[in-house]
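# Tertiary structure, described
Spelled out from the first residue to the last, the chains are:
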Amino acid sequence: MLTVDFSRFPLAAGDRVLDLGCGAGRHAFECYRRGAHVVALDRNGEEIREVARWFGAMREAGEAPAHATATALEGDALALPFPDDSFDVVIISEVMEHIPNDKGVLAEMVRVLRPGGRIAVTVPRYGPEKVCWALSDAYHEVEGGHIRIYRADELLDKMREAGLRPYGTHHAHGLHSPYWWLKCAFGVDNDKALPVRAYHKLLVWDIMKKPRATRLAESALNPLIGKSFVAYATKPHAPAGVLPADASATDAPIADASGGVTPTAEPPTVAAPAAAPVAPEEGP
């Protein structure tokens, strides 16, 4: 289940991608399948080891192009272990609402994103999230839980202040808001309540089968009660004639014939956790 819409956020084979706060790795896996050089980073070591296992399994099964690379790395979003301008694409999905210093995270993302690069930010949408908070304190009053609810204009303003140029927004997962309302109403840890179990089965069926009826229903619901707000932005190039002090010709991006940008730099080199096994133990 993807929150980023890759028809609105195009990804080219060979793009250097950072999935920041990757969690279980859903966006990182999709980028790898599309032929990118992917770094999936999260502070949760257990999840990173699982993502590394899935990367290995995908590689063995031939699910990603041979030229693509994928690395899972444990790290801190406020102190990214990469040089400036390391990535063509940065994705941060359902993460910023957890982090007290969200401006610091934005600053780090902008630092490692090359000029002309693209960034996708997703957060819980204000309206549906407000309902969850009203129904249940346990939903957000947990260690590492949601500490803020973003309004769309607030998030976009913070992105602009960080030096980004937003170019598009949309909402996603309209079918999922009612599920979380039910969870909050019956208890966020109560998976046995009949309405919760029934709706969960519906969501699993939708994710696995993608029937036309639920796809149309979600498209209609997304503008109204979409669970996530998604914003896309670019990092502007330096003004003409102004170059960073350490800029060099070999690091400059080259425009391709289609009008896109092809980086000449190699993908960032980072070490994967040595203890991560190759084959997954079970399905995601």
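Residues numbered from 1 in each chain as written. Predicted model: local features only at pLDDT ≥ 70, side-chain atom pairs only at ≥ 80, totals over all residues. Heavy atoms only, no water.

Once that is clear, we can look at the overall build of the protein. Scanning the protein from terminus to terminus reveals eight helices and nine strands. Within the protein, buried positions represent 45% of all 284 residues. Considering only intrachain contacts with a sequence separation of at least 6, the fraction spanning at least 24 residues in the protein is 77%. On the protein, roughly 14300 Å² of surface is accessible, and the fraction owed to carbon and sulfur atoms is 57%. (Helix = DSSP H or I, 4+ residues; strand = E, 2+ residues; numbered from the N terminus. Buried < 20%, exposed > 50% of the residue type's maximum accessible area, 1.4 Å probe, protein only. Contact = heavy atoms within 4.5 Å. Areas by Shrake-Rupley, 256 points an atom, 1.4 Å probe, with all protein chains shown as cover.)

What the largest pocket holds in volume is close to 1500 Å³. In terms of lining, the largest pocket is formed by 47 residues, of which the most central are S93, E94, E97, H98 and H146. (1 Å grid on protein atoms, 1.4 Å probe; cavity = no way out; pocket = protein on both sides within 12 Å on 5 of 7 lines; lining within 4 Å. Points joined across faces, edges and corners; volume = space filled by probe spheres on them.)

On to helix α2 (residues 45–61). Taking 1.5 Å of rise per residue, 17 residues should cover 24 Å, and α2 covers 24 Å from first to last C-alpha, within 8% of that figure. Along α2, the residues classified as buried are G45, I48, V51, A52, R53, W54, F55, G56, A57 and M58. For α2, the side-chain oxygen to backbone nitrogen distance between the N-cap and E46 is 3.0 Å, and the N-cap itself is N44. Downstream of α2 by a residue or two, G62 has a phi angle that is positive, lying close to 70°. (Expected span 1.5 Å × (residues − 1). Polar contact = N/O pair within 3.5 Å; in protein donor to acceptor, adjacent residues only side chain to side chain.)

So, about the side chain of K227. In this fold, K227 is placed in the loop between α8 (212–225) and β7 (228–234). With residues up to four places along the chain from it excluded, the contact list for K227 reads V123, P124, R125, E129, Y139, A172, H173, G174, H176, S177 and W180.

Time to look at unusual backbone geometry. Positioned with a positive phi, E94 is a non-glycine residue whose angle comes to about 60°. By secondary structure assignment, the location of E94 is in the loop between β4 (87–93) and α3 (102–112). Of note in this structure, H173 is not a glycine but carries a positive phi near 65°. Locating H173 in the fold gives a position in the loop between β6 (165–172) and α6 (176–186).

A few words now on the packing of aromatic side chains. Here the structure, examined in full by the defined rule, presents nine aromatic pairs. Consider the rings of F9 and Y232, whose centres lie 5.3 Å apart with planes at 20°: the pair is stacked. Here F9, found in the segment before β1 (16–20), pairs with Y232, found in strand β7; they are 223 residues apart in sequence, far enough to count as distant. An identical accessibility class is assigned to F9 and Y232; each is buried. Relative to F87, the ring of F82 lies with its centre 5.0 Å away and its plane at 90°, an arrangement referred to as edge-to-face. Aromatic rings pair up to connect F6, F9, Y167 and Y232 into one cluster. Sitting above the plane of the F9 ring, R118 keeps its charged end 5.9 Å from the centroid. (Phe/Tyr/Trp six-rings, centres within 6.5 Å; stacked < 30°, edge-to-face > 60°. Lys NZ or Arg CZ within 6 Å of the ring centre and 35° of its normal.)

Strand order in the open sheet formed by seven strands is β3-β2-β1-β4-β5-β7-β6, with mixed pairing between adjacent strands. Strands with a single pairing partner mark the edges of an open sheet, and in this sheet they are β3 (69–74) and β6. On average, each strand axis in the sheet is inclined to that of its neighbour by 15°, with strand direction left out of account. Pairing geometry for β6 and β7, over seven bridges, is antiparallel. (Pairing = 2+ DSSP bridges. Axes fitted to C-alpha atoms, helices over the stretch in contact; angles between N-to-C directions.)

Right, let's talk about α6 for a bit. All of the buried residues in α6 are H176, S177, P178, Y179, K183 and C184. Those residues of α6 that are buried lie in contact with α4 (126–135), α7 (194–209) and α8. Just downstream of α6, G187 is the residue with a positive phi angle, here 115°.

What follows deals with the pairing of strand β2 (residues 37–42). With six of six residues buried, β2 lies mostly within the body of the structure. Here β1 pairs with β2 via five bridges, running parallel. Directly across from L18, in β2, lies its bridge partner V39. Chirality of the crossover, the property in question, places the unit of β1, helix α1 (residues 26–33) and β2 among those that are right-handed. As paired elements, β2 and β3 share six bridges and run parallel to each other. Across the sheet, A40 pairs through a bridge with A72, a residue of β3. (Right-handed = clockwise from strand over helix to strand, strands pointing away.)

With that settled, the discussion passes to the packing of α4 against α6. At their nearest, the axes of α4 and α6 sit 8 Å apart, and the two run at 10° to each other. On the basis of the axis angle, α4 is roughly parallel to α6. Contacts from P128, V131, C132 and L135 of α4 reach α6 at S177, W180, W181, C184 and A185. In the contact of α4 with α6, the residues fall into eight nonpolar, one polar and no charged. (Parallel < 35°, antiparallel > 145°, perpendicular 65-115°, else oblique. Nonpolar A, V, L, I, M, F, W, Y, C, P; charged D, E, K, R; others polar.)

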